[in-house]
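Listed here are the chains, written in short residue letters.
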Amino acid sequence: MITAGPLIELAGEQWRGVSDGAQRLGCDLVCFVGSELDHPDPLKRRANTVYDLISPNRIDALVVWTTRVGQLIGSDGMQEYVKRYAPMPIVSVETSLAQWPTILMDNRGGMKQAVDHLIEVHGKRRIAFVRGPQTHAGARERFLGYADSLRNHGIPFDPALVTMPGSFIWEPNRAAETVRKMLARIDEPPDAVAAANDDYAIGVVSALEELGFRTPEDVAVVGYGNHTNVRTHDLGYSAAARMQREVDIDAAAPAFTTVRAPFHEMGFRAAELAVALVRGEPARHRQTMPTELIVRRSCGCLPAGLGDHAPAHDRIGINESATASTVADHLRDSLGQPSAQLPDGWAEQLVVELMAAGRGEVEGAEFLKLLAEYIRLSARAGCEPAQWWPPLFDLHRFVTARISDATIINDLWLRVQFLLGDAFATDARFKYLSHERHDQTVREAGQRLIASRDVDELTTALAEELPRLAIPGCHVMAYDTPGTARTLVRYENGELKPPPDTPFPTINLTPYPFRRTTPFNALIAPLHTDEDNLGYVIFEEGPEPGWIYEAVQQQLSSALRSIRLMQELKDARARLEERVGETEAQLRHAQKMEAIGRLTGGIAHDFNNILTVVNGNSEMLLRRTLQDDPRRTAIEDIRHAGERAANLTRQLLAFTRQQVLHPESLDLRHNLTKVHSMLRTLVGDHIELEMHLPDGVAQVWADAGQVEQILFNLAVNSRDAMPDGGTLRIEIAGRTLGSGDSGRIVGVRPGEYVVMRVQDTGGGMAPDVQAQVFEPYFTTKPVGKGTGLGLSTVFGIVQQSGGQIELISAPGEGTTVEVYLPVPHERDGKAEAPCARRPTTHQGVGTVLLVEDDAQVRVMTRRSLEIAGYAVIEAGDGQEALQLATAHRSTIDLVLTDVVMPKMGGPELVRLLRSTGAAPAVIYMSGYTTDEVLDDEVLITKPYVESELLERVRRALAQDA
């Protein structure tokens, strides 16, 4: 069965009708409770995912209560919607659906009967009508019933007394608004109003009272349905809701004369038709169930039981041939099953006692005593006090028709009314207290469910709270992947059972069958929040009030949402702890690398000073040696060895991030394309080389030579990892690194980068190898096959360039190295480093002040400068240089200084000189970079040769001239 909640009042009556029919026929009922299709509220639309669970896998036939489900899409929209369930046999209730059998109610006849009552009993002639929603087929029929009654009684139809049909669900506020507009445009108010629904009748009474009309004294009102649709308006449980609501449904209003919709009977008959369809038996295509007029206060009739009118409808006619026996039978039949709890002959005794009291033979106190006892006993058996009214009214008329003096019996009848009225009050108090107790139980259960922190706590809470709610079975399913779910809780027959751990298709409803000795009734409701569909719950029928199931459904939705949030917090904490662990490991690794770097940098610095002397002198000697000089070969060997040593030093400095870089804005696609042929030769013919270099990738800020070194080193590693051949793929792409993105380098700035990805299909790396792969001197190659500086050099270049590096590998799955290089900033149309330094300025010309702490380097450099014609003033440290500069202030044209020296370094020396007003050109010399802030960008890297030194000096002096 498909219906729209909530399962209280009329929706609950519909559900119980189909349930009773299915149980009578020995069938199981599964009721899918969603919301109106295409509802504007996203939360209610999410509830309709429960309809997607309907499948022939578990369902043989379908009953669709179309008016509530299709209230917003109309009969045509509903016709299209149910096609999704074909060829499953379908029974439609309240709206005709093409070829399927339909159960209707006599909407037209029911409203005609209500309007007939206004005309015939109360003499009303000017009767208005408040129409229902345009999409509601029953509302249209009720309007036709109104028109039929007017026509049959010769009353002209007045369009001014009829409101326009609504476009949405039953809402008292809309009815109140349309009545106000109608009364404003007519000269004479109506003497009665018929509303297409009891919700609308509430709005009508509210509007009439606002305008000063009393109901029913000034204007009589009748409704339809014998229910108010509590879903369409707030019940006023909170003060805020009462203040904001336009129509106060909590205000005292007369009991409505209305038409009882036979929802239970329609549901029962729908179940019978569904079974007939499954069995292939013939079934009537359309059946219409009769309605019943319920007469109460709002039309002008007196309260039930007082005066001429019976509690149900119309005037009771007493058959002249009625006997005490037939009246007693009426008493027993009216009470139904609870009458079996009364003493034998109780009905006949009541008739005899009332007859005797009416004749004056006995005191009426004995009759009242018996009646009070029987009402009390029947109430314990579940009998409503209202069930006593028709047979007692029958008894009263029977007795008064057979005695000559009705004075005694009328006095006694008044006491009967008071007695039954007291029974009504007692029953109402009992129901109120029972409801409060039940409501408190549901609230307590809900508080415990919502407080569950995980599935185990939720399972325990359900196992302990469901028996208090009299729910025998509850199955909670959580969505896993699209189309599948997992069982979280399996509670059957009052006990927990271990749920299967594997996912299952949701169209199966459960991963296990329901095995019951008698037919079961299950209710399936969605579990969802505003943001997400969480799953669904299957309740096995227990308590009568349907609102209990909906309350638990909402509590379970909140509980699952809380559990999910708790799990997300746990996962986030675990990720954070993992991230902290990774960061700590990275920090320890960085500290280790820093320590190695300091040691390596110091060695490289001293080594560069030595190589500066070796390489400088070897080049100077070669320049002064003839080509046929037998010593030339030995000098060339010295120079070659010095160059190799200098290259090894550069690798060490690259790892320690102390080499001197010359970054610029590079088109990575262009640079990589240039070295394609070199890469092809480098990796060999047994390896397939693929390069994916798309257009439109941003430029990077890096040293072109170092980028090539990165690529060649990675390519060599990949080649060595594929001795039997494979594929080397190189690609570039734009990428944004956020603060949460991690890699092998700590503290990388978030921003725009270009990733160069080098991927091979080699043997991959084990986790322990990956952990050390970027450390210097670490290698898995045999002795003599590698220095272990390749990847550490790549790491250092990337780190010094302000980038990030990541390695992804697994044994047998190849290796991918991702190098992220920063994108340059644009300023005044020019590219500059993401963290640009201050521009270089050069002033002055003149003699060279040479400042170098290494004596051999200082001697070699001085000799080269003097041979080239420069005047040289030399100093061994910054303090000495400052004194010499003060003495020769007007003659110094260029300061050529080492960066790092004892006592005073080069940058500090230059700052002090310039603070005195001197402005010579400056060239720094260094074997590695430091954290010193250089005021000048002119930098010559050790070891340098004489020609390079002289060219730099020449350019510096020419620029300053």
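Since the structure is predicted, the reported quantities are computational estimates derived from the model, not experimental observations. (Residues numbered from 1 in each chain as written. Predicted model: local features only at pLDDT ≥ 70, side-chain atom pairs only at ≥ 80, totals over all residues. Heavy atoms only, no water.)

This part covers the overall build of the protein chain. Of regular secondary structure, the protein chain possesses 27 helices and 31 strands. Put simply, the protein chain has 961 residues, and 49% of those count as buried. Sequence separation of at least 24 residues holds for 73% of the intrachain contacts in the protein chain that already meet a minimum separation of 6. As displayed, the protein chain has an accessible area near 44,700 Å², and 51% of this comes from carbon and sulfur atoms. (Helix = DSSP H or I, 4+ residues; strand = E, 2+ residues; numbered from the N terminus. Buried < 20%, exposed > 50% of the residue type's maximum accessible area, 1.4 Å probe, protein only. Contact = heavy atoms within 4.5 Å. Areas by Shrake-Rupley, 256 points an atom, 1.4 Å probe, with all protein chains shown as cover.)

So, on to the nonpolar core. Inside soluble globular proteins, nonpolar side chains tend to come together where they are buried. Tyr146, Leu462, Val476, Phe539 and Leu556 are the most contacted members of the largest nonpolar core, which has 96 residues in total. Counting residues per element, this core draws most heavily on helix H17 (residues 547-623), at eight residues. Once you skip the residues sitting within four places of it in the chain, Leu462 turns out to touch Leu449, Pro467, Cys474, Val476, Val489 and Leu556. Counting residues in hydrophobic clusters, the runner-up holds 42 residues, among them Val675, Leu711, Ile732 and Leu791. (Core = buried A, V, L, I, M, F, W, Y, C linked by side-chain atoms within 4.5 Å.)

For the rest of this paragraph, the subject is the sheet that holds strand E6 (residues 127-130). Read from one edge to the other, the open sheet built from three strands follows the order E6-E7-E8, with strand pairing classed as parallel. Pairing within the sheet leaves two strands with one partner each, and these edge strands are E6 and strand E8 (220-222). For this sheet the average axis-to-axis angle between neighbouring strands, irrespective of direction, equals 20 degrees. Here three bridges tie strand E7 (residues 192-195) to E8, and the two strands are oriented parallel to one another. Among the inter-strand pairings, Ala192 is bridged to a residue of E8, identified as Ala220. (Pairing = 2+ DSSP bridges. Axes fitted to C-alpha atoms, helices over the stretch in contact; angles between N-to-C directions.)

This part takes up a nonpolar patch on the surface. Taken together, Phe607, Ile610, Val614 and Ile638 make up a surface patch of nonpolar side chains, about 300 Å² in accessible area. If one sorts the elements of the nonpolar patch by residue count, H17 sits on top with three residues. Following the sequence through the fold, Val614 ends up in helix H17. Using a relative accessible area of 30% as the deciding quantity, one classes Val614 as partly exposed. (Patch = residues over 30% accessible without salt bridge, like charges linked within 9 Å, V, L, I, M, F, W, Y side chains within 5 Å. Salt bridge = Lys/Arg side-chain N within 4 Å of Asp/Glu carboxyl O.)

This structure, assessed with the given rule, holds 42 salt bridges. Across the pair Arg468 and Glu444 runs a salt bridge, and its minimum N-O distance is 2.7 Å. Of this pair, Arg468 sits in helix H16 (residues 455-469) while Glu444 sits in helix H15 (residues 407-450); the two residues are 24 residues apart in sequence, bridging distant segments of the chain. Among the salt bridges present, the one from Arg858 reaches Glu874, with a minimum N-O distance of 2.9 Å. One end of the pair, Arg858, is in helix H24 (residues 855-867); the other, Glu874, is in strand E28 (residues 872-875), and 16 residues separate them in sequence. Overall, Arg858 belongs to the buried group, its relative accessible area being 15%.

Attention shifts here to H16. For H16, spanning 15 residues, the distance from its first C-alpha to its last is 20 Å, which sits close to the expected 21 Å at 1.5 Å a residue. All buried positions along H16 are accounted for by Leu458, Thr459, Ala461, Leu462, Glu465, Leu466 and Leu469. At the N-terminal boundary of H16, the capping side chain belongs to Asp454, with an oxygen 3.2 Å from the backbone nitrogen of Asp456. One or two steps after H16, the chain reaches Ala470, where phi turns positive at roughly 65 degrees. (Expected span 1.5 Å × (residues − 1). Polar contact = N/O pair within 3.5 Å; in protein donor to acceptor, adjacent residues only side chain to side chain.)

Scanning the model with the defined rule gives six cavities of 30 Å³ or more in all. Of the pockets and cavities examined, the second largest cavity occupies roughly 70 Å³. Considering the residues around the second largest cavity, the lining is formed by Thr66, Thr67, Gly70, Gln71, Gly74, Ser75, Met78, Thr95, Thr135, His136 and Ala137. Taken together, the elements giving at least two residues each to the lining of the second largest cavity come down to helix H3 (66-69) and helix H4 (74-81). Looking at the lining of the second largest cavity element by element, the count peaks at three residues for H4. (1 Å grid on protein atoms, 1.4 Å probe; cavity = no way out; pocket = protein on both sides within 12 Å on 5 of 7 lines; lining within 4 Å. Points joined across faces, edges and corners; volume = space filled by probe spheres on them.)

Looking now at the confidence of the model for the protein chain. Averaged over the protein chain, the pLDDT score is 81; the fraction of residues at 70 or greater is 84%. The secondary structure element of the protein chain with the lowest average pLDDT is helix H9 (residues 239-244), at 36, and the one with the highest is E6, at 96. Below pLDDT 50 for its whole length, residues 229-245 participates in 37 contacts with residues either more than four positions away or in separate chains. (pLDDT = per-residue confidence, 0-100.)

Moving on, we get to helix H26 (residues 906-915). Looking only at H26, the buried set comprises Gly906, Pro907, Leu909, Val910 and Leu913. End-on view of H26: buried residues confined to an arc of 160 degrees, all on one side of the axis. One or two residues past the end of H26 sits Gly917, with phi positive at roughly 105 degrees. (Arc of directions from axis to C-beta.)

Residue placement: Ala201 occurs in helix H8 (residues 198-210). Assessed through its relative accessible area of 0%, Ala201 is described here as buried. For the pair Ala201 and Gly223, spaced 22 residues apart in sequence, the C-alpha separation works out to 5.4 Å. Setting aside chain neighbours within four positions, we find Ala201 in contact with Ala195, Val221, Val222, Gly223 and Phe256.

What follows is about the environment of Leu43. Counting through the fold element by element, Leu43 comes out in helix H2 (residues 42-47). The exposure class of Leu43 is partly exposed, given its relative accessible area of 31%. Expressed as a C-alpha distance, the spacing of Leu43 and Thr529, which sit 486 residues apart in the sequence, is 6.8 Å.

Let us look at the packing of aromatic side chains. Following the criterion strictly, the structure yields 13 aromatic pairs and no others. Seen in terms of ring centroids, Trp346 and Tyr374 are 5.8 Å apart; in terms of plane orientation they differ by 70 degrees. Their pairing is edge-to-face. With Trp346 in helix H12 (residues 346-358) and Tyr374 in helix H13 (residues 365-380), the pair connects residues that are 28 residues apart, well separated along the chain. Each member of the pair, Trp346 together with Tyr374, is buried. Linked through ring pairs, Phe129, Phe143, Tyr146 and Phe157 together constitute an aromatic cluster. When the ring centre of Trp15 is taken as origin, the NZ or CZ atom of Arg16, which lies over that ring, is 4.2 Å away. Directly above the aromatic system of Tyr512 lies the positively charged group of Arg490, at a separation of 3.7 Å from the ring centroid. (Phe/Tyr/Trp six-rings, centres within 6.5 Å; stacked < 30°, edge-to-face > 60°. Lys NZ or Arg CZ within 6 Å of the ring centre and 35° of its normal.)

In this section: the sheet that holds strand E22 (residues 751-760). Read from one edge of the open sheet, five strands run E19-E21-E22-E24-E23, paired in mixed fashion. Each of the sheet's edge strands pairs with one partner strand only, and the pair in question is strand E19 (687-692) and strand E23 (804-809). Across the sheet, the axes of successive neighbouring strands diverge by a mean angle of 20 degrees, strand direction being ignored. With six bridges connecting them, E19 and strand E21 (residues 726-737) associate as parallel partners. Among the inter-strand pairings, His692 is bridged to a residue of E21, identified as Glu731. Here helix H21 (residues 704-721) sits on the sheet in contact with E19, E21, E22 and strand E24 (815-822), set at roughly 30 degrees to E22.

Turning our eyes to something else, we now look at the packing of H12 against helix H14 (residues 389-400). In contact at an axis separation of 10 Å, H12 and H14 are set at 40 degrees when each is read in the N-to-C sense. The orientation of H12 with respect to H14, classified from their angle, is oblique. Judged by the sense of rotation from one axis to the other, the crossing of H12 with H14 is right-handed. Along the contact surface, H12 presents Leu350, Val351, Leu354 and Met355, while H14 presents Leu395, Phe398 and Val399. For the contact of H12 with H14, a count of residues per class yields seven nonpolar, no polar and no charged. (Parallel < 35°, antiparallel > 145°, perpendicular 65-115°, else oblique. Left-handed = near helix turned anticlockwise from the far one by under 90°. Nonpolar A, V, L, I, M, F, W, Y, C, P; charged D, E, K, R; others polar.)

This part covers unusual backbone geometry. Trans is the prevailing form of peptide bonds, just as negative phi is the prevailing case for residues other than glycine. Cis peptide bonds are those with omega within 30 degrees of zero, and the linkage from Ala86 to Pro87 qualifies with 5 degrees. With respect to the helices, strands and loops of the structure, Pro87 is situated in the loop between H4 and strand E4 (90-93). In this structure, the amide linkage connecting Thr215 to the following residue, Pro216, adopts the cis form with an omega of 5 degrees. Counting through the fold element by element, Pro216 comes out in the loop between H8 and E8. Its identity as a non-glycine residue notwithstanding, Asn493 has a phi of 50 degrees, on the positive side.

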